[in-house]
Structures are given as C-alpha cells and as structure tokens.
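Structure at a glance
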Amino acid sequence: MSLDSKIPNGPISDKWTNYKDHINLVNPANKRNIDIIVVGTGLAGGSAAATLAELGYNVKAFCFQDSPRRAHSIAAQGGINAAKNYQGDGDSTFRLFYDTVKGGDYRAREANVHRLAEVSANIIDQCVAQGVPLAREYGGLLDNRSFGGTLVSRTFYAKGQTGQQLLLGAYSAMNRQIGRGKIKMHNRHEMLDLVIVNGKARGIIARNLVTGEIERHSAHAVVIASGGYGNVFFLSTNAMGSNATAAWKIHKKGAFFANPCYTQIHPTCIPVSGDHQSKLTLMSESLRNDGRIWVPKSLEDAKAIREGKKKPTDLSEEERDYYLERRYPSFGNLVPRDVASRAAKERCDAGYGVNKTGEAVYLDFAAAIQRYGKEQAYIKGLDADDKKLVIKLGTDVVANKYGNLFQMYEKIVDENPYVTPMMIYPAVHYTMGGTWVDYNLMTTIPGCFSIGESNFSDHGANRLGASALMQGLADGYFVLPYTIGDYLAPDIKTGKISTDLPEFVEAENNVREQLNKFINNNGKHSVDHFHKKLGKIMWDKVGMARNAEGLNEAIHEIAELREEFYRDVKVPGSIDSFNQELEKAMRVADFLELGELFAKDALHRNESCGGHFREEYQTEEGEAMRDDENFAYVAAWEYKGKPSEAVLHKEPLVYENIKLVQRSYK
Ligand SMILES: Cc1cc2nc3c(=O)[nH]c(=O)nc-3n(C[C@H](O)[C@H](O)[C@H](O)COP(=O)(O)OP(=O)(O)OC[C@H]3O[C@@H](n4cnc5c(N)ncnc54)[C@H](O)[C@@H]3O)c2cc1C
C-alpha cells in the first residue's frame, strides 16, 4: 500500500482555503442520518464531538473516566499558542509555522503545520466566546507569555491551569449537545477494538468499565482522540490512565503507526525520588519565562550540595553556571525542550547534578523576584532599596503568575520554592509519534480518523511548548469538522449500520477471548510488575539518549518480557464486573507491543533529530545531527502480525517554504 498524504496543490498559504472551498459538503438534513463515534473527550475529542453535533451529526462519544472533564487534557498547565501578534513583537502566521517546523527539527509536514498556524487565532476567539477565563492584562486585554523555541510572546494562558479551563469550555459545548440529544455520552467505557466492514471503519467494541459488559457500537465513521502513549515508560507526567490501546488496536487493524520513537522528554519536572513512585509531576515550561536554570560551577560545590553540606543559596552568582544562557545566548532559558533536556542531562552526567541522586538542576526565581519587586516599588512610589519590601512585592507578582505551580511543588518536595530554588529534571511528557494521518486527518483505514495527541501530529520530532493544546483544538474545532464531511458525503443514503453484522460478532468474540485469557491465567506477578520492567528498559535504552547496541538489546528484552507477561501475569476478579487490574492488563499488553516497535523505529533512524537523540549522531558540541539526505521522511509502520515484522513505509517530507538547515538556537 502506498501512502497518499493528499496535500492540496497551490501556494502554502492558499491550500487550506482553496481546499475547503472545493470539498464535498453534507447538507444539514442529511447530517441527521449520519452517526459518528468519537473515542476520547479530551481537548481534541471534546471539541470535535461538540462541533460535529452542533453541525447536526449524531455523535456517540466515549471516555474511560467518569466524565469528559477528567480527560488528561485537564492537566495542561502553561498555555496555548496562537499567532495573534497582540504584543506587536513581530509574530505572524508564517512565524508560527516557521517556529513549529524548526522546533520539530524539520520532520513535520509543511502543509499541516501551516494550516495549524492559520487556524490558531480562531481557537482563541472560540474559547473567549465560550467564556474561557484566559489571563488578561491590567487594561483588560488578553495577556501572553513566551514558551521555548520562539522569540515572541504568543502563549495565551489561564494561570497554570490552561488545560482545565479550555477543557471546561469544550465540555460545556459538549454538554449543550448532550442536552439536545445530539451527543450520546458513554462515560466509563473503554474501546477495545475497531470494527471494519467492507474496508471501512464502521464501529467499535467497548467494555463498560463499571459492569464489565461488552458492547457493540456502530457508526459511519470513527474518530480516535485517545491521547498519547508516554506511559509506555511507566513513569511520565501523563495521567495514570493515559494509554495507547485505542491507537494500537486500530494499528493492528490496518492504521499505520508513524514515528513511534519521537518522544518528548520535558526538562522541568520534579525529579524522581525513589522506586515506589508511579507518577511524575510537571513544572510548567512557562516557569522558564522567569526562572533561570543553573548548576554549581565546581564539582566540589555540587558534591557538597548533594551531601547536604551546602545549600544552593550559599553559592554566589560567580559560583553558578547558568548553562543554557552560556550555551544558547539568543534563546537562553527558552530553548526548545529537547535542547534543554539534553543540556540538563549533560551537566548531571558530568557530575554537576544536585539532589541526592545527582539527577537534578536548579530553576531559580530569585532574579525575577528582585526584578518584579523593584518594578512594583517604583510603580507604587515605595522605596526600591528596601530589600525586604522588594522581595515581598516581587514574590507577590511571581505568586500571581505561577502560584498554583509553586504550591504544587511545595506540597510534593516540602521546600518553599520562593526561597530555595526548585529542583528539576527531565521526564517523559508527550509523544509526537502516533497514528499516521493524511491531510484530512484520516488514517490508512477509510473512515477511521485520528486527532490530537493520538495522531502523529504536526510537531515533527519535537513539539514546542503550548502547541499540543493548539493542535488538539485546531483538529477538533476547525479541521476535522470539514474534512470528515468530504468523506461522509457519499454515505448519506447508507442508513444505520447494523451491529449484528458478522464483523461485529467476530470483533466482540476476539475481545472476549483476550479478556478471558487474562482472567484465566494462573500467573504470579501483578500487571504493574511488568509495566515497571518495561518502563525501565524504555528509559535506560530508548530514553533521552539512544544507541544501536542499547536499542538492539531493548528490542530483544521487550519481546522476552512480553512472553513472560502472558505466561506469568496474575489478573484477579472476573470480566463481568468492575476490574481495574483487567483494564490495566489490556493496556500494558498493548504497551508491550508498542514499546518494541518504538525501539525498532529508533534503531532504523540513523540520525538525531528533536527528541530522538542517537549518541552516534551528534556534533562535537553534543547537538543533534540530522541526516536530511537519508531521513527526511515520516516513518509509517504497517502491522504484520507482530512488531518485529512491521513493514516500513516512507512519506517523503518536502520543504518548499522553509529551508532545511541544521537547527541552531545560539
Ligand atoms: C502535565 C502536562 C502538562 C501539559 N501542559 C501543556 C500545556 O501547557 N500546553 C500544551 O499545549 N500542552 C500541554 N500538555 C500536552 C497536552 O496536555 C496534551 O497533549 C493534550 O491535552 C492531549 O489532548 P487529547 O485530547 O489528544 O488527549 P487526552 O486529553 O489525553 O484525552 C484522551 C481521551 O481519550 C479517552 N480514551 C483513551 N483511550 C480510550 C479508549 N480505549 N476508550 C475510550 N476512551 C479512551 C480518555 O478517556 C480521554 O477522554 C501537557 C501535558 C502534560 C502531561
């Protein structure tokens, strides 16, 4: 099968407009005859479900939480990008497009990214109209801050709770449609397979997680909006429930999986504290607007801090190494995440890390508190030389901007970050890879679409901060509602899809068989036992730095672990009742396959780009070294029975509007 990305012809800035002007439409009366399943109600699925229902389609929405409001999107902290140029600092659609392609280390599809930049401004208008309380300046205008990889301020935010506020907006839009009967909401349901009839996606098999009942649901198209797969590493900043099952099941039914090895390791997370841990906590990138990152300049000081003999505040300015400002003077602390994460690892590996484990660097707000404090003193006509007063005034400003993040840090680490610099270390955060989709956001299965973090998205090999919310809402509010109509136009006379078709029966039987297999397995170890082992292999050999030897070992070890899992996993309870161990077993089974494909993808990509860092391919200064001649393509894998037999398809990436150059943030 050959990949057709269906990119429209014409100049980049006209493609989307011209395309929309000429695609097939479904008239309002006919939309009432069409059913669409949306799996996932995070920002991508929630916005899509609300918009499709508003347009008149009958939507069936699914999520495994007890409410759409609890989707992982609620965790997003820092903000959402849009090329509004409210700051008059030189932003534009082109600049957002350029920053995103460059940020992704030139491994994204130009046409999709340009469309994303074009619709970004509409998202803000939409959310403001919904009543989302985005932060405003003193004069009432919407405020912006900066995120990594950009030289402008284009990030809209709601304190450190942007995802929550945006999700409440999408949820209220959904709720209106639930009230009208246009969305049938299936909370606490997990999709466990896709049903294909005559080559088209026509439904899903879902398990009611409360009663254990297995259900068949049909539709004319299926939209997967199930989020990312960062939890393949066991420890990540993702919600505990985030998983790859929906995306992996469609992969096994024919949807190609693209760039699985592109994973984002976020530089500012609370460091791992021990083996007992099952979750990591993000400290939003927005903190890098004001926080300065450093480690001690001397190995002796680093050792003394690790041993508790010195405190960071004992070190003078001259004794600190602000290594990002030193290495990347023009972007400083706001270099993209992949660059910042690797720089932290480099310092810690060289022995300069703080924290007992030696795996942490400082994120320090002392300079910002001083700066803001003095400014406030001038504004208020107070004494700018009164040190205590300046600290008090500056602390208030910082608390106003990031208060909930500081509170969260203090609760977890039990140290006051206004006084002692925060300790941070990189952690798995986001997956740029996912199901391959064409320009219409359709996978290689006709009628099966994929949006938000679950698709391979617009972020190439590295996502810029505040761009995931933008992409999820762009897909759901402004892209899919058009492109799905083009696909559905010939379906207006099809009528209801029966769930009695043999394809539904077969898919349901397969799901039942898998569930029963776990319950009847007489193993010794819990699901978490295997998940932790997988996570360790992934982090050690497929994590922030990879090499061919480690990747070969990982492939082998994951395949072995999978066999052991099926032999020795113990899942208590029954299939026809509430059973969280069973839910986890199904998810970890998929992670154990995905992990192997992930390592295989990383092994085949003999270059470093964005979040994919192969130790063999780096410059003398330790920067990622791309190989555009041989690897400027999307790697889309076709399932052939097991991960080791997956077949690689390549979608060449053509750069007509942005010149391919080695990335620099100096
Ligand atoms: C801590 C944290 C902070 C972040 N902050 C930011 C930020 O400031 N800005 C930014 O741009 N991005 C941020 N991100 C990234 C961003 O939050 C996510 O990429 C984005 O929210 C993903 O949205 P989504 O709709 O694609 O998926 P999700 O929000 O993950 O939703 C997935 C949905 O799918 C459902 N689902 C999954 N599998 C199944 C199944 N098998 N059956 C039924 N339902 C299923 C779930 O129930 C859920 O409703 C952050 C991420 C993290 C981890």
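Preceding block: the structure.
Read on for a plain summary of the structure. Being a predicted model, the structure only gives us computed values, none of them experimental.

Let's talk about the site of the ligand
- Inspection of the region around the ligand gives 37 residues, with Gln 65, Ser 73, Gly 78, Met 191 and Glu 453 positioned closest.
- The separation between an oxygen atom of the ligand and a polar main-chain atom of Ala 44 is 2.9 Å.
- Gly 79 has a polar backbone atom sitting 2.8 Å from a nitrogen atom of the ligand.
- Looking at the shell around the ligand, the elements that each hand over two or more residues are α3 (43–55), β6 (189–197), β15 (422–431) and α13 (468–488).
- No other element matches the 3 residues that β6 contributes to the shell around the ligand.
- Across the shell around the ligand, the residue classes break down as 17 nonpolar, 17 polar and 3 charged.

With respect to empty space enclosed by the protein
- Applying the stated criterion across every chain yields a total of 2 cavities of 30 Å³ or more.
- Around the largest cavity, the lining residues are Thr 263, Gln 264, Ile 265, Arg 337, Asp 338, Ser 341, Arg 342, Asn 462, Met 544 and Gly 611.
- For the lining of the largest cavity, the secondary-structure elements that each account for two or more residues are β11 (263–269) and α10 (337–352).
- Take the lining of the largest cavity: its biggest share by element is 4 residues, from α10.
- Looking at the lining of the largest cavity residue by residue, the classes come out as 2 nonpolar, 5 polar and 3 charged.
- Approximately 30 Å³ is the volume attributed to the second largest cavity.
- Forming the boundary of the second largest cavity are Gly 227, Gly 228, Tyr 229, Ala 244, Ala 247, Phe 257, Gly 434, Glu 453 and Ser 454.
- Of the residues that constitute the lining of the second largest cavity, the class distribution is 4 nonpolar, 4 polar and 1 charged.

Regarding helix α5 (residues 110–130)
- Over its 21 residues, α5 extends 30 Å from the first C-alpha to the last, a length consistent with the 30 Å expected when each residue adds 1.5 Å.
- The largest bend along α5 measures about 35 degrees and falls at Val 119.
- Remark: Gly 131 follows α5 within two positions and exhibits a positive phi of approximately 100 degrees.

A short note on the pattern of salt bridges
- Taken as a whole, this structure holds 52 salt bridges when the rule is applied.
- Between Arg 320 and Asp 364 there is a salt bridge, with its nearest N and O atoms 3.0 Å apart. Taken together, the residues span a long stretch of sequence, with Arg 320 in strand β13 (residues 320–321) and Asp 364 in strand β14 (residues 361–364) at a distance of 44 residues.
- In this structure, Lys 536 engages Asp 540 in a salt bridge whose closest nitrogen and oxygen atoms are separated by 2.6 Å. Residue Lys 536 and its partner Asp 540 are both found in helix α15 (residues 527–542); the two are separated by 4 residues, about one turn of the helix.

Here's the deal with the nonpolar core
- By size, the foremost hydrophobic cluster in this structure holds 99 residues, and its most contacted members are Leu 287, Phe 365 and Phe 518.
- Sort the elements by how many residues they give to this core and helix α17 (residues 580–604) lands first, with 12 residues.
- In this view, Phe 365 contacts Leu 287, Asp 290, Gly 291, Val 398, Tyr 402, Phe 406 and Met 422; residues no more than four positions away in its chain are not counted.
- Grouped together as the second largest cluster of nonpolar side chains are 76 residues, Val 38, Ala 50, Val 101 and Phe 156 included.

Re the packing of α3 against helix α6 (residues 162–179)
- One way to put it is that α3 packs onto α6 with a least axis distance of 8 Å and a crossing angle of 30 degrees. Taken together, the axis directions place α3 and α6 in an arrangement best described as roughly parallel. By crossing handedness, the relation of α3 to α6 is classed as left-handed. Contact residues: α3 offers Leu 43, Gly 46, Ser 47, Ala 49, Ala 50, Ala 53 and Glu 54, while α6 offers Leu 166, Leu 167, Ala 170, Ala 173, Met 174, Arg 176 and Gln 177.
- The residue inventory of the contact of α3 with α6, partitioned by class, reads 9 nonpolar, 3 polar and 2 charged.

Focus on the sheet that holds strand β19 (residues 647–652)
- Read across the sheet, 4 strands follow the order β16-β10-β18-β19 without closing on themselves; strand pairing throughout is antiparallel. Strands with a single pairing partner mark the edges of an open sheet, and in this sheet they are β16 (434–435) and β19.
- In the packing of α17 onto the sheet, contacts are made with β10 (257–258), β18 (633–638) and β19, and the angle to β18 comes to roughly 145 degrees.

Some points on α3
- Over its 13 residues, α3 extends 18 Å from the first C-alpha to the last, a length consistent with the 18 Å expected when each residue adds 1.5 Å.
- Within α3, 11 of the 13 residues are buried, which leaves the element mostly enclosed by the surrounding structure.
- Buried residues belonging to α3 abut β1 (35–39), β2 (58–62), α6, β5 (183–186) and α13.

Reading the values: the criteria
Residues numbered from 1 in each chain as written. Predicted model: local features only at pLDDT ≥ 70, side-chain atom pairs only at ≥ 80, totals over all residues. Heavy atoms only, no water. Near = heavy atom within 4 Å. Polar contact = N/O pair within 3.5 Å; in protein donor to acceptor, adjacent residues only side chain to side chain. Helix = DSSP H or I, 4+ residues; strand = E, 2+ residues; numbered from the N terminus. Nonpolar A, V, L, I, M, F, W, Y, C, P; charged D, E, K, R; others polar. 1 Å grid on protein atoms, 1.4 Å probe; cavity = no way out; pocket = protein on both sides within 12 Å on 5 of 7 lines; lining within 4 Å. Points joined across faces, edges and corners; volume = space filled by probe spheres on them. Expected span 1.5 Å × (residues − 1). Bend = angle between axes of the 7 residues up to and from the residue. Salt bridge = Lys/Arg side-chain N within 4 Å of Asp/Glu carboxyl O. Core = buried A, V, L, I, M, F, W, Y, C linked by side-chain atoms within 4.5 Å. Buried < 20%, exposed > 50% of the residue type's maximum accessible area, 1.4 Å probe, protein only. Contact = heavy atoms within 4.5 Å. Axes fitted to C-alpha atoms, helices over the stretch in contact; angles between N-to-C directions. Parallel < 35°, antiparallel > 145°, perpendicular 65-115°, else oblique. Left-handed = near helix turned anticlockwise from the far one by under 90°. Pairing = 2+ DSSP bridges.

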